[in-house]
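# Reading the structure
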Amino acid sequence: MAPHEQIALNASNQQLDLFNVTSPDPGLVLKMSGPSELLKLQLDEKVEEDVWSDIRKSFAIPDLESRHVRVREQALLKNTRMVNALLERSEPYIYFIAQECAKRGMPAELALLPFVESEFNPHARSSAAAVGLWQFVPSTGRQYSLRQNKWVDERRDLVASTRAALDYLGYLYNMHGDWHLALISYNWGEGSVLKAMKKAQNAGLAPTWANLDLPQETRQYIPKLQALKNLIKDPQRFGMTLPEFPNKPYFEEIKRNADVDLREVARLAGVELGVIRELNPGLNQPVLYAAYSNSLLVPIKYSAKIQEGLAHYKASKPLRQYTVRKGDTLGEIAEQFDVSSKDLASINGLGEKKIIKPGMKLTIPNTLQAEKNWNS
């Protein structure tokens, strides 16, 4: 970026994180980088050397040039260490999401959206109870068939939430015929955007997103995405080198029709439990309950070990229930069955106060000690 294009951050903005820098509302100029209509992309037979190259060639949303974008770029330039950490964090997920966009003929920019939504943290949770990479609130999650119960929360599930997010974004694009309007609808809500468009029309303005009266967070939404897009397009301009992620799958899916305790599988496979849990954040417990989820994602480099562990795995008995007795405490029950109080509270939906009462039925996660106690 040339010196005269540098924009100093206001003193009040110095401590703000990457995705919450504010700036005045300037005029906006759009520069087309590709057709704005939904594209049916033709994948080249040649395999690109890394995932970023593949993403770059499929950018299709009109570019935005504005002061907002320059401020967002400055935030990236001032926080290169954090940016690198975020890019590295995306490794298990980015190839899959980019391929899903390509299969649907959707712009590759959408694969970058989890950077803005959740900083590619599948466990991210907002103050509005939005959860996961794509930040689904409970109601929208249910609308797009994402199961949410004691055992699973598919808003955190990579495959299910990506499917739902792209379904939703496709619906919003079909509604507006414009990716900018679709994106701010994803952030602010389609009803709010439609009302803002009507207000602009009543004021004699074209109902484009630049003319809408938007909350500050939504006003910043597309500039955040544009700055990231600019970084991916030309990392040298930011003085950065993108991490080298091969343009091939990071994980594979294993189907299971019986409950699986991931802790036992990790032990049998000789891998860290975190290796398995990283790709299965939709499981509320370190257990795959076949009644609620029948697939396990595992890193390809550990797949053989994990498959071998599963081959030697002996399925535990179905979940049991314990009736709370007078004088019981959650900690004592957890210790009796060799589970953590946190896991026991979570699987039973007890909330932060973790209150139990005599006569209450508690579901006990499967562990080796629990099996011994049931049988004793």
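Below or above, wherever it landed, is the structure these notes cover. (Residues numbered from 1 in each chain as written. Predicted model: local features only at pLDDT ≥ 70, side-chain atom pairs only at ≥ 80, totals over all residues. Heavy atoms only, no water.)

## Some points on the environment of Ala128
Within the element layout of this structure, Ala128 appears in the loop between helix H5 (113–118) and helix H6 (138–143). A relative accessible area of 51% places Ala128 in the exposed class. Taking the C-alpha atoms as reference points, Ala128 and Pro138, ten residues apart in sequence, are found 9.5 Å from one another. (Helix = DSSP H or I, 4+ residues; strand = E, 2+ residues; numbered from the N terminus. Buried < 20%, exposed > 50% of the residue type's maximum accessible area, 1.4 Å probe, protein only.)

## Here's the deal with helix H9 (residues 190–202)
The end-to-end C-alpha distance of H9, which contains 13 residues, comes to 18 Å, matching closely the 18 Å that a straight helix rising 1.5 Å per residue would cover. Every buried residue belonging to H9 is among Val193, Ala196, Met197 and Ala200, and all of these are buried. Buried residues of H9, viewed axially, fall in a sector of 105°; they line one side. Of the exposed residues in H9, those oriented more than 90 degrees away from the buried face are Lys195, Lys198, Lys199 and Asn202. The inward-facing, buried residues of H9 contact helix H7 (158–176) and helix H8 (179–188). Phi turns positive one or two residues past the end of H9, at Gly204, with a value near 80°. (Expected span 1.5 Å × (residues − 1). Arc of directions from axis to C-beta. Contact = heavy atoms within 4.5 Å.)

## Remarks on the packing of aromatic side chains
Considering all chains together, one arrives at eleven aromatic pairs under this definition. Centre to centre, the rings of Trp151 and Tyr289 are 6.4 Å apart; their planes meet at 80°, and the pair counts as edge-to-face. Of this pair, Trp151 sits in the loop between H6 and H7 while Tyr289 sits in the loop between strand S5 (287–288) and strand S6 (295–299); the two residues are 138 residues apart in sequence, bridging distant segments of the chain. Across this residue pair, the class does not change: Trp151 and Tyr289 are buried. Aromatic side chains Tyr322 and Phe337 sit 5.8 Å apart centroid to centroid with 65° between the ring planes, which places their arrangement in the edge-to-face category. On the criterion of sequence distance, the pair formed by Tyr322 in strand S7 (residues 320–323) and Phe337 in the loop between helix H14 (330–336) and helix H15 (341–347) is long-range, its members being 15 residues apart. Relative accessible area serves as the criterion here: at 2%, Phe337 is assigned to the buried category. (Phe/Tyr/Trp six-rings, centres within 6.5 Å; stacked < 30°, edge-to-face > 60°.)

## Focus on the nonpolar core
Of all hydrophobic cores here, the largest spans 68 residues; its most connected members are Trp52, Trp134, Leu169 and Tyr186. The element contributing the most residues to this core is H7, with nine residues. Judged by nonpolar contacts, the second largest core, of 20 residues, contains Val260, Ala269, Leu288 and Leu310. (Core = buried A, V, L, I, M, F, W, Y, C linked by side-chain atoms within 4.5 Å.)

## Observations concerning the pattern of salt bridges
As enumerated under the stated definition, the model contains 15 salt bridges in all. Across the pair Glu73 and Arg237 runs a salt bridge whose closest N-O atoms are separated by 2.9 Å. Linking Glu73 in helix H2 (residues 67–78) with Arg237 in the loop between helix H10 (216–233) and strand S3 (251–255), this pair joins segments that are 164 residues apart in sequence. We classify Glu73 as buried; its relative accessible area is 4%. (Salt bridge = Lys/Arg side-chain N within 4 Å of Asp/Glu carboxyl O.)

## Here we look at the environment of Pro246
By the element assignment, Pro246 lies in the loop between H10 and S3. With a relative accessible area of 40%, Pro246 lands in the partly exposed category. The spacing of Pro246 and Asp50 is 196 residues in sequence and 4.5 Å in space, taken between C-alpha atoms. Apart from residues lying up to four places away in sequence, Pro246 is in contact with Glu49, Asp50 and Val51.

## With respect to a nonpolar patch on the surface
The grouping of Tyr171, Met175 and Leu194 at the surface amounts to a nonpolar patch, some 250 Å² of accessible area in total. For Met175, the position within the fold is in helix H7. Judged by its relative accessible area of 31%, Met175 falls in the partly exposed class. (Patch = residues over 30% accessible without salt bridge, like charges linked within 9 Å, V, L, I, M, F, W, Y side chains within 5 Å. Areas by Shrake-Rupley, 256 points an atom, 1.4 Å probe, with all protein chains shown as cover.)

## Description of helix H3 (residues 80–89)
Residues of H3 that are buried: Val83, Leu86 and Leu87. Burial along H3 is one-sided: seen end-on, the buried residues are contained in an arc of 100°. Contact partners of the buried residues in H3: helix H1 (51–56), H2, helix H4 (91–104), H5 and H10.

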